[in-house]
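# Inside the fold
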Amino acid sequence: LESGCKPNVAVYTSLISGHCRVGDMRGALELLRLMHASGLAVDAVVYNALLNGCVNYERWDLGLDVLRQMDDHGIRRTS
């Protein structure tokens, strides 16, 4: 991101998933914010990665926020 390249949805999804895997939920949510700001379409795959991170690290508060964001952005819950 700092090199000036413009990541696409797949790159953001991979980065968010990686942050979630190591428990860096703050970093993952910042990437989500950047993804929205860049105008890219955030899909259920991205939100599911975030929800998995919230569950794995018992961040129930963030999980509820992610669910609210999904609703706010019209993303249908898949599970």
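A brief structural summary.

What counts and what doesn't
Residues numbered from 1 in each chain as written. Predicted model: local features only at pLDDT ≥ 70, side-chain atom pairs only at ≥ 80, totals over all residues. Heavy atoms only, no water. Helix = DSSP H or I, 4+ residues; strand = E, 2+ residues; numbered from the N terminus. Expected span 1.5 Å × (residues − 1). Buried < 20%, exposed > 50% of the residue type's maximum accessible area, 1.4 Å probe, protein only. Arc of directions from axis to C-beta.

### With respect to helix α4 (residues 60-72)
Compared with an ideal rise of 1.5 Å per residue, which puts 13 residues at 18 Å, α4 spans 18 Å between its outermost C-alpha atoms and is within 8% of the ideal. Considered for burial, the residues of α4 that qualify are Leu-62, Gly-63, Val-66 and Met-70. Buried residues of α4 fall within an arc of 105° about the axis and therefore sit on the same side. Among the exposed residues of α4, those oriented more than 90 degrees off its buried face are Trp-60 and Asp-72.

### Concerning unusual backbone geometry
Of all residues except glycine, most have a negative phi; of all peptide bonds, most are trans. Within the chain, Glu-58 stands out as a residue other than glycine whose phi angle is a positive 50°. Assignment of secondary structure puts Glu-58 in the loop between α3 (44-56) and α4.

Note that all results are geometric; they support no functional claim without further evidence.
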